[in-house]
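Here is how the chains run, residue by residue.
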Amino acid sequence: MLPPFLHTVFLHRPSRRAVRSITWPALVLTLVFATARAADNPSPPQLELQYHLRLLRPTTHLVEVEITAGQVAEPALDFTMPAWAPGRYAIYDFAKNVQEFEAAGAHEQPLRWTKLDKQTWRVETADAGGKVRVRYRVFANDLSGSFSQFDSSHACLNGASLFMYVAGHKPDPLTLTVETPPDWKLISGLSLSTEQRTFPVPNYDLLIDAPLEISAACSVQQFSERGKTIRVAVHSYADQDIDLSSLVDGLKKIVRSEMAMMPEPDLRDYTFIFHFAPGLPQGDGMEHFNSSQIIISGQLSGAGLADALETAAHEFFHLWNAKRLRPAGLGPFDYTREQYTRSLWFVEGVTAYYAYLHLLRSGVWTRQQFLEHLAEEIRGLELQPGRLLMSAESSSFHAWFYDRSPQMQETNFANTTISYYNKGAVLGMLLDLEIRARTGGRKSLDDVLLAMYRKFYAAPAADYYGLGHGYESEDILETVNAVAGSDFTAFFARYVRGTEPLPYAPTLASVGLQLRVSTSADSAPSLGVLTQRLDRGLEIVAVWPGRAAERGGLSRDDILLAVDDLSLATAELKDRLRIYPPGAEVPFTVERHGREERISVILDPPIPDQYSIEVLPGATAQQVSVRNGWVGAER
Ligand SMILES: [Zn+2]
Ligand SMILES: [Zn+2]
């Protein structure tokens, strides 16, 4: 997935942010069926499961779901809506949008049911005649990587927000049938045919791992790479006659680069589902088994195209790092509650780093663009007060607090948290360079990814869910040590589990580079606040600990109206403060609880905010050689 909105705000970063033929590989299918029953002990007999989706009245945003379970031998069946969906670590309680639940038996006789908890409907089956049919409607009007939307333009459907599972029967094979408006095409990872409407699916987990895009307006192109069909589907609200050529050209390069590095994935085809929706408040990206959903709040050109390629490079790499190589707990999933892992910095941050690397290796980016993006990640981390309080593992563990979670109480996250995407990407770079430096360029983080993939994914299935099994956080360190032939225990203790300042200077120097941090010429003395604009001034939304505003007694929720009687109604704070020297005592007119007050603050020096990674003069031939192994020789 893509970074949560919260951190892009707090970091002040620039906004960028079958069944004609079944898709699931025969190998996985075999393992799925061979091991399904072993995971459920004692296991109820398999049900005959049919999921039927009706898309009949777009303007109501109501999706009709019918689930039929045959061969019922248990006295009751629990139908459960997931509380969350893999890829986004937030409790969304999809059951909120379920309405008009009803249950019937083999002869359409009504069956008694009761709610066990917020998300579980228990249906009594004694009088069912061996078959239970439940029906309900789901209200769906969110275009995102987690929720669903059904309107007159399309149905963009994410299974976890629509489909209940039968408790104890997630491993059972099922059939999905979709009734669509006439002339709408159906795009998903389930089939390359856009006309197909019935799909066999190996199990519930894979059902909800295949988002559906159903519309009349979707443009589709495909290409092949290493024998795999890669399909690009684009639904754009901005353009009528869209030209996919630039997007497809970029995707070809990225897919080729990532497939050249990682082992052949166990899939026949892969589908990128893109939405270009100018005006949408925020975009999204979500990885899936053999597809991804990418929503760009912009057009298919310029910044929107660049954003789409960057997001695609990230989501496609998740095909290996997240969807297959995965932390324990992330597959098979318990959808009823939070699943904890300390390794999201590796799942998400290292994937972000590899997206950058493959944008470079594929030629979509120049070496300069690559180094600029890494410097921007470093800047984002170093300007976060929370880097001193929260480690990469802690940020991963606590994802449930802030991965696009609704915040109903005020939090101090701006001062206390970091993003596991952000620090994970920086750690990815540092680990890669450290491994390259210690091995004289013979090994890299690539070898760690490959070793982990072989050890934890490309192995016999431990359960019904895919191959291999999940790794624990210690396994990352052990694999790094084995690959590098060198002990990284201290590195992990200090920088992954700890909050020590990161070793930019020595690590970059080991490959003949340096981090330059400077203050821009037009910078102003620092107040140390985060603000948002109101019509009459600037509302303080965060006060940095220990800095000028906090020392002077300014508070969150104060509205800065004026500096020295000069209004802030339209002026920027930094433009007002630039005329003062650091150390000046400046009177602010502040609105607090509806009253105006004067509060004086002694300004801090400007905060260095220019970060760049540059060549270190006098690098040795060995350092230059390792550097060239990383970013290529300078052209
Ligand atoms: Zn991601
Ligand atoms: Zn669409």
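For the structure itself, consult the block above.
Residues numbered from 1 in each chain as written. Chains lettered and ligands numbered in written order. Predicted model: local features only at pLDDT ≥ 70, side-chain atom pairs only at ≥ 80, totals over all residues. Heavy atoms only, no water.

Asker: Kindly report on the overall build of the protein chain, identifying the contributing residues and their values.
Answerer: Scanning the protein chain for helices and strands turns up 18 helices and 27 strands. In terms of C-alpha radius of gyration, the protein chain reaches 26 Å, essentially the compact-globule figure of 26 Å for 635 residues. Taking the principal axes of its C-alpha atoms as reference, the protein chain extends roughly 85 × 65 × 50 Å. Relative to its 635 residues, the protein chain shows a buried fraction of 59%. For the protein chain, the computed accessible surface area is about 24700 Å², with 50% contributed by carbon and sulfur atoms. Each charge class in the protein chain was averaged separately, 60 positive and 75 negative side chains, and the resulting centres sit 3 Å apart. (Helix = DSSP H or I, 4+ residues; strand = E, 2+ residues; numbered from the N terminus. Rg over C-alpha atoms; globule rule 2.2 N^0.38 Å. Buried < 20%, exposed > 50% of the residue type's maximum accessible area, 1.4 Å probe, protein only. Areas by Shrake-Rupley, 256 points an atom, 1.4 Å probe, with all protein chains shown as cover. Lys, Arg positive; Asp, Glu negative; His and termini not counted. Charge placed at Lys NZ, Arg CZ, Asp CG, Glu CD.)

Asker: Talk me through the sheet that holds strand β14 (residues 212-215); I want residue IDs and the actual numbers.
Answerer: Taken together, 4 strands build an open sheet; the order of strands is β8-β9-β14-β12 and the sheet is antiparallel. Two strands close off the open sheet at either side, each with one partner strand: β8 (149-150) and β12 (185-187). Examined bridge by bridge, β8 and strand β9 (residues 155-157) share 2 bridges and lie antiparallel to one another. Residue pairing across strands places F150 opposite A155, the latter belonging to β9. (Pairing = 2+ DSSP bridges.)

Asker: Help me get a handle on the packing of aromatic side chains, residues and values and all.
Answerer: Considering all chains together, one arrives at 40 aromatic pairs under this definition. Judged by centre distance (5.5 Å) and plane angle (85°), the rings of Y51 and F163 are edge-to-face. Here F163 lies in the loop between β9 and β10 (165-166) and Y51 lies in strand β1 (residues 48-54), a separation of 112 residues in the sequence. The same class applies to Y51 and to F163, which are both buried. A ring pair is formed by Y356 and W365, whose centres lie 5.4 Å apart and whose planes are at 35°; its orientation type is tilted. Comparing Y356 with W365, the two get one shared label, buried. (Phe/Tyr/Trp six-rings, centres within 6.5 Å; stacked < 30°, edge-to-face > 60°.)

Asker: Explain the pairing of strand β15 (residues 219-225) to me, and be specific about the residues and the numbers.
Answerer: Here β15 pairs with strand β16 (residues 228-236) via 7 bridges, running antiparallel. Bridged to Q221 within β16 is V232. What sits between β15 and β16 in their antiparallel hairpin is a turn of 2 residues, with R226 showing a positive phi close to 50°.

Asker: Provide a residue-level description of the coordination of the zinc ion (ligand 2), including the pertinent values.
Answerer: Each donor-metal-donor angle in an ideal tetrahedron of four donors is 109.5 degrees, and each such angle in an ideal octahedron of six donors is either 90 or 180 degrees. Around the zinc ion (ligand 2), the protein contributes the donor atoms H154 (ND1), E213 (OE), E213 (OE), H235 (ND1) and H275 (NE2), which lie 2.0 to 2.7 Å from the metal centre. Between consecutive donors of the zinc ion (ligand 2), the numbers of intervening residues give the motif H-x58-E-x21-H-x39-H. One end of the pair, H235, is in strand β16; the other, H275, is in strand β17 (residues 269-276), and 40 residues separate them in sequence. When its relative accessible area of 0% is taken as the criterion, H275 is described as buried. (Donors = N, O, S within 2.8 Å, 3.2 Å for Na, K, Ca; no water.)

Asker: Tell me about the pattern of salt bridges, and please be specific about residues and values.
Answerer: This model, assessed by the stated rule, comprises 35 salt bridges. The residue E500 makes a salt bridge to R494 at a minimum N-O spacing of 2.8 Å. What makes E500 partly exposed here is its relative accessible area of 35%. (Salt bridge = Lys/Arg side-chain N within 4 Å of Asp/Glu carboxyl O.)

Asker: Just give me the short version of the nonpolar core, but keep the residues and values in it.
Answerer: If you look at the biggest cluster of nonpolar residues, it comprises 161 residues, and the most contacted ones within it are L247, F272, F274, W345, F370 and W630. At 12 residues, helix α6 (residues 344-361) tops the list of elements feeding residues into this core. If near-sequence neighbours (up to four positions away) are discounted, W630 is found in contact with Y353, L357, L360, F370, L371, L374, M429, D432, L433, R436 and L513. In terms of nonpolar packing, the next biggest core, distinct from the first, is built from 22 residues, L527, I540, V563 and L603 among them. (Core = buried A, V, L, I, M, F, W, Y, C linked by side-chain atoms within 4.5 Å. Contact = heavy atoms within 4.5 Å.)

Asker: Any details on the environment of S292? Residues and values, ideally.
Answerer: When you line up the elements, S292 lands in strand β19 (residues 291-296). A relative accessible area of 0% places S292 in the buried class. Separated by 227 residues in the primary sequence, S292 and T519 have C-alpha atoms spaced 40 Å apart. Contacts of S292, omitting those with residues within four sequence positions, involve Y270, T271, F272, I273, M286, E287 and E315.

Asker: Can you break down helix α11 (residues 420-438) residue by residue, with the values?
Answerer: Between its first and last C-alpha atoms α11 spans 25 Å; for 19 residues at 1.5 Å apiece the expected length is 27 Å, and the two agree. Among the 19 residues of α11, 17 are classified as buried, and the element is accordingly described as predominantly covered. The N-cap residue of α11 is S419: its side-chain oxygen and the backbone nitrogen of Y421 are 3.1 Å apart. Within two residues after α11, G440 carries a phi angle of roughly 60°, on the positive side. (Expected span 1.5 Å × (residues − 1). Polar contact = N/O pair within 3.5 Å; in protein donor to acceptor, adjacent residues only side chain to side chain.)

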